[in-house]
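Below are the chains, spelled out letter by letter.
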Amino acid sequence: MCCVTVIQSQDGWGVNYLKTDVCAGKGSIVFIICDYTHPPGIDPSDIKDRFWFTKVKDGEPVDLKTDSEYSDRVKHTCYSDWKRCYLTITDVRESDSAEYKFTFMTNKPGEKYTGSPGVTLSVKDSGLQVQVRRLNSTWLELTCHSSCVLSDRAEYVWYKNEEIIKRGSSLLVSSGSTDRHSCYLGGSSGQRSPAVYGPQRPSVSVSPSAEMLEGDSVTLTCSTDANPAASYTWYKEDGTSDPRLLSEEPQLVFSSIQSSDSGNYSCTAENQLGRKTSEFISIDVKYGPQRPSVSVSPSAEMLEGDSVTLTCSTDANPAANYTWYKEHEDSPRASGQIFTITDFTAEHSGNYYCEAQNEMGRSNSTLLLITESGVGRTTRIIHITRWTLVSVMLILLLLFCLWTRKKKAVISTTEPHESREAVEMDLHPEYEDLSDMAAQRED
């Protein structure tokens, strides 16, 4: 690599390149510097244009700033007082390897000058790089390394977020720092390394972003800004203190997402300089009702007049609405998860089912047979017969009591000369024949 300043001059016109050969690594930042001169009679305001170029079109140099291959990657800076100009190329590529020249011209037609030969840039796969080595859980050592051949005059300068903080080939930084550190190699190289930094907080994107239905293909993507590139880990929160590890890829893919996949997910991005975790993202998978189940209460024998409660339940997202039907009937009997028959009769006996429905679909339960128990009817008939007999006996007893009271009233109003036996005979008809016999004897 040449480190000798070359001066081109002709009649007071000239371009002086600080270095004619520059070696740089792919992805680094390159600075090319020159000074220009003009005859004493030229006023600086007469310089109408000055720029860098590598290509010539129709005999005229093409300004790098207008070249699509360098779009947004080049910057020209000139200082008139010093007559010094800088060319900065960021994120250099192997295709940037070329000869770079500086040209300037005055207001007078045809009055221009180009510094030739120019500066040869060689871009290699790996040029100036920052290597990271972990010393302990707290500190990291950054070392500036170049694959280019360096001169003895090489001088390292460290940058932190674009500010110079130190000179030297190494730098200590704290673990987990998100500051951007890079090194610049002065002397004959004039190149700057890409910055290294820990991951920023990762972001999570979901595709498709619309409502997720059971069976859909869904992809979660974790991304962050980090150099060196971060590795990713996916977790699902399952109610324990430690989320469950799912994958170690940038994307988490569900080829056919299920209701059991609903939950909170997060990803972690990590490189040698630090580790960051994203915020949780909630996945809510929509699905239609499963086949409902039906329960009946009370579950024992149902008798006429009882109160019977039917309950329908299913798993669905969003929650299902319920409608109750009796077999062979088109009109619903009730709506809601619970169906209550307050005064059960034989007419209520039959097959019942419920239908669960949400915006995803609908599903019917199996038939549930509800009948009045035969044993219950027999028992009820026995109860009715027993109560009927008791009632008849009570009525007979009441009539007997009334009759007895009537007889007593008759006794109390009998004549005084009537014998006791006569009264008793009146009370007892079975003595009627004996009374007749006694009368005949007296005759």
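Residues numbered from 1 in each chain as written. Predicted model: local features only at pLDDT ≥ 70, side-chain atom pairs only at ≥ 80, totals over all residues. Heavy atoms only, no water.

Per an unreviewed UniProt entry, the chain goes by the name Ig-like domain-containing protein and belongs to Gasterosteus aculeatus aculeatus. Under the UniProt heading Subcellular location (unreviewed entry), the entry covering the chain gives this text: "Cell membrane". (UniProt positions renumbered as here; feature names shortened; annotations may be inferred.)

Observations concerning the nonpolar core
Ranked by internal contacts, the top residues of the largest apolar core, which has 26 residues, are Trp52, Leu87, Tyr100, Phe102, Phe104 and Leu121. Elements that contribute at least two residues to this core include exactly β2 (13–17), β3 (21–25), β4 (29–37), β5 (47–57), β8 (84–89), β9 (98–106) and β11 (119–124). The greatest single-element share of this core, amounting to four residues, is contributed by β4. The residues touching Phe102, leaving out its near neighbours within four places in the chain, are Val15, Tyr17, Cys34, Tyr36, Arg50, Phe51, Trp52, Cys78, Cys85, Tyr113, Thr114 and Gly115. One finds Tyr232, Trp234, Phe254 and Ile257 within the second-largest nonpolar core, a separate group that totals 17 residues. (Core = buried A, V, L, I, M, F, W, Y, C linked by side-chain atoms within 4.5 Å. Buried < 20%, exposed > 50% of the residue type's maximum accessible area, 1.4 Å probe, protein only. Helix = DSSP H or I, 4+ residues; strand = E, 2+ residues; numbered from the N terminus. Contact = heavy atoms within 4.5 Å.)

Examining the state of the cysteines
Under the criterion given, the structure shown has four disulfides. A disulfide bridge connects Cys144 with Cys183, and the sulfur atoms are separated by 1.9 Å. In this structure, the disulfide formed by Cys144 and Cys183 twists by about 75° around the S-S bond and is classed as right-handed. Residue Cys144 is located in strand β13 (residues 139–146), and its partner Cys183 is located in strand β17 (residues 181–185); the two are separated by 39 residues in the primary sequence. The burial state of Cys144 is the same as that of Cys183; both residues are buried. Two residues, Cys222 and Cys267, share a disulfide whose sulfurs are 1.9 Å apart. Its torsion about the S-S bond being 65°, the disulfide of Cys222 and Cys267 is classed as right-handed. A residue pair is termed long-range when its members are at least 10 positions apart, and Cys222 in strand β21 (residues 218–223) and Cys267 in strand β25 (residues 263–271) qualify at 45 residues. Comparing Cys222 with Cys267 shows no difference in burial state: the two are buried. Here Cys34 is not cross-linked by a disulfide; its sulfur's nearest cysteine counterpart is in Cys85, at 5.1 Å. In this structure Cys34 comes out as buried when scored by relative accessible area, which is 1%. (Disulfide = S-S within 2.5 Å.)

Some words on the sheet that holds strand β12 (residues 128–134)
Across the sheet, three strands lie side by side as β12-β13-β16; this open sheet has antiparallel pairing. Edge positions in the open sheet fall to β12 and β16 (170–174), since each of these has one partner strand only. Going from strand to strand, the sheet's axes swing by 30° on average, the running direction of each strand aside. Strand direction decides the pairing type here: β13 and β16, joined by five bridges, are antiparallel. (Pairing = 2+ DSSP bridges. Axes fitted to C-alpha atoms, helices over the stretch in contact; angles between N-to-C directions.)

Considering the sheet that holds strand β33 (residues 338–341)
Reading across the sheet, the three strands line up as β29-β30-β33 and stay open at both edges, with antiparallel pairing between neighbours. Strand pairing shows two members of the sheet lacking a second neighbour, β29 (293–297) and β33, which therefore form its edges. Across the sheet, the mean angle separating the axes of adjacent strands is 15° when strand polarity is ignored. Pairing of strand β30 (residues 308–313) with β33 involves four bridges; the strand directions are antiparallel. Bridge assignment links Val308 to a residue of β33, and that residue is Ile341.

Describing the environment of Asp43
Counting through the fold element by element, Asp43 comes out in the loop between β4 and β5. A C-alpha to C-alpha distance of 9.3 Å links Asp43 and Thr106, two positions 63 residues apart in sequence.

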